[in-house]
Amino acid sequence: MFSKRTKIFGIIGYPLGHTLSPWIHNTLFSLAKFDGVYLVFEKPNWYEVGLSPLQELGIQGLSVTIPYKEWAYTQSQTQCQASIQMKASNTLLFGSSIHAENTDGSGALKSIQLADADLINPFEKKSILILGSGGSAKGIAFALSEHLQNKANGKPILRNISILARNRMATESMLISLGNKSYIKSISESECMEQNENFDLIIHTTPVGMKTVGGKPLLDKNFFTKKQTLFDIVYNPLETELVKLAKKKKTNIIPGYKMLLHQGIRQFELFTGLEAKNKWIEKIESILYRELKKHQS
């Protein structure tokens, strides 16, 4: 039941037929007994429409997904540090002004830590490979860089981060945004294949493999080994072609819906000012997995 006091939240992006964010947030609102509703606002031209119609609706907060994360940052008056550094935001909070946050990085970081914290140990002489240079890649790269620096606490960082993307200009811009750190670099496809055994964590951030999105993966089956972990942040389908290729080589897999879960939990906390309880998170995860299974063809 809605009332005049019901707070309105939602998601903008295109396409959004696959989104499970409403399941996450509306269930969390219910579990927390929070008077809120989360809606889908799908348009291919938010750039032209702008945020004014949503502000007039009384929107309190937005999740932002492909392809609007960089644009969302430009619509805000204040920003979190991750947004400022990477110039991309996946969360907008509305009040007297618009505040931008980026929970992609923290959601990915949490997913990796729960799977195997050694994969982001700064003192392991291994490499992380990030595939892509868009908004998600930026947020994740920033979070990983901050984590490595904080954990190293002034000591030399032995773990490297390599970025492989087809858009070279976007990659170079990303490296500049990250401060041109010595342990973060761009890499070519041929270099990836030559150095594949150095990578123990691969993070795929492009929409390739998502339902309704075509395209060829940046890596082929010969890249993967059983000593690696692949984190493909695409969550629908549960197993992308890239994941299937990796599984044939017995590569460890972190499911994409883990990031959707943990970045969504952080958004809920930003939207409501409440802390999510562990039992709520467990319930949301079970719902997510069940819904994704249901939608598999």
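Our subject is the structure that appears above.
Report on the accompanying structure. Please read these numbers as outputs of a predicted model, since none were measured by experiment. (Residues numbered from 1 in each chain as written. Predicted model: local features only at pLDDT ≥ 70, side-chain atom pairs only at ≥ 80, totals over all residues. Heavy atoms only, no water.)

Here we look at the side chain of Asp-104
Here comes step 1: Tracing the backbone through its elements, the reader meets Asp-104 in helix α6 (residues 104-116).
Here comes step 2: A polar contact is formed between the side chain of Asp-104 and the side chain of Asn-90, at a distance of 3.2 Å. (Helix = DSSP H or I, 4+ residues; strand = E, 2+ residues; numbered from the N terminus. Polar contact = N/O pair within 3.5 Å; in protein donor to acceptor, adjacent residues only side chain to side chain.)

Quick word on unusual backbone geometry
Here comes step 1: A cis amide bond links Tyr-14 with the next residue in sequence, Pro-15, at an omega value of 0°.
Here comes step 2: Counting through the fold element by element, Pro-15 comes out in the loop between β1 (7-13) and α1 (21-32).
Here comes step 3: The amide bond that connects Asn-236 to the next residue, Pro-237, takes the cis arrangement and shows omega of 15°.
Here comes step 4: Mapped onto the secondary structure, Pro-237 falls in the loop between β11 (229-232) and α10 (241-248).

Overview of the nonpolar core
Here comes step 1: Ile-112, Leu-144, Ile-203 and Phe-231 are the most contacted members of the largest nonpolar core, which has 29 residues in total.
Here comes step 2: Those elements that place two or more of their residues in this core are α5 (81-86), α6, β7 (127-131), α7 (135-152), β8 (160-164), α8 (168-177) and β10 (199-204).
Here comes step 3: Once residues within four sequence positions are removed from consideration, Phe-231 is found in contact with Ala-108, Ser-111, Ile-112, Leu-201, Ile-202, Ile-203, His-204, Ile-254, Pro-255, Gly-256 and Met-259.
Here comes step 4: Residues Ile-11, Leu-93, Ala-276 and Leu-288 belong to the second largest nonpolar core, which totals 26 residues. (Core = buried A, V, L, I, M, F, W, Y, C linked by side-chain atoms within 4.5 Å. Buried < 20%, exposed > 50% of the residue type's maximum accessible area, 1.4 Å probe, protein only. Contact = heavy atoms within 4.5 Å.)

Section: the pairing of β7
Two faces, one strand: in a regular strand the side chains alternate between the faces of the sheet.
Here comes step 1: Counting buried positions along β7 yields five of five residues, so the element is predominantly enclosed.
Here comes step 2: Residues Ser-127, Leu-129 and Leu-131 of β7 are buried on one face, and the alternating residues Ile-128 and Ile-130, pointing to the opposite face, are buried as well.
Here comes step 3: Relative to β8, β7 runs parallel, the two being bridged by five bridges. Bridging across to β8, Leu-129 finds its partner in Ser-162.
Here comes step 4: Handedness of the β7-α7-β8 crossover: right-handed.
Here comes step 5: Where β7 lies against β10, five bridges are found, and the strand directions are parallel. Paired with Leu-129 across the bridge in β10 is Ile-202. (Pairing = 2+ DSSP bridges. Right-handed = clockwise from strand over helix to strand, strands pointing away.)

Brief notes about a positive patch on the surface
Here comes step 1: Residues Lys-126, Lys-226, Lys-227 and Lys-250 make up a contiguous surface patch of positive charge.
Here comes step 2: Inspection of the secondary structure puts Lys-227 in the loop between β10 and β11. (Patch = residues over 30% accessible without salt bridge, like charges linked within 9 Å, V, L, I, M, F, W, Y side chains within 5 Å. Areas by Shrake-Rupley, 256 points an atom, 1.4 Å probe, with all protein chains shown as cover. Salt bridge = Lys/Arg side-chain N within 4 Å of Asp/Glu carboxyl O. Lys, Arg positive; Asp, Glu negative; His and termini not counted. Charge placed at Lys NZ, Arg CZ, Asp CG, Glu CD.)

Considering the packing of aromatic side chains
Here comes step 1: Inspection of the entire model under this criterion finds twelve aromatic pairs.
Here comes step 2: Aromatic pair Tyr-257 and Tyr-289: ring centres 5.9 Å apart, planes at 55°, arrangement tilted. Of this pair, Tyr-257 sits in helix α11 (residues 257-272) while Tyr-289 sits in helix α12 (residues 278-294), and the two are 32 residues apart along the sequence.
Here comes step 3: Tyr-289 gets classed as partly exposed once you look at its relative accessible area, which sits at 37%.
Here comes step 4: Among the aromatic side chains, those forming a connected cluster through ring pairs are Phe-9, Phe-29, Phe-34, Phe-268, Phe-271 and Trp-280. (Phe/Tyr/Trp six-rings, centres within 6.5 Å; stacked < 30°, edge-to-face > 60°.)

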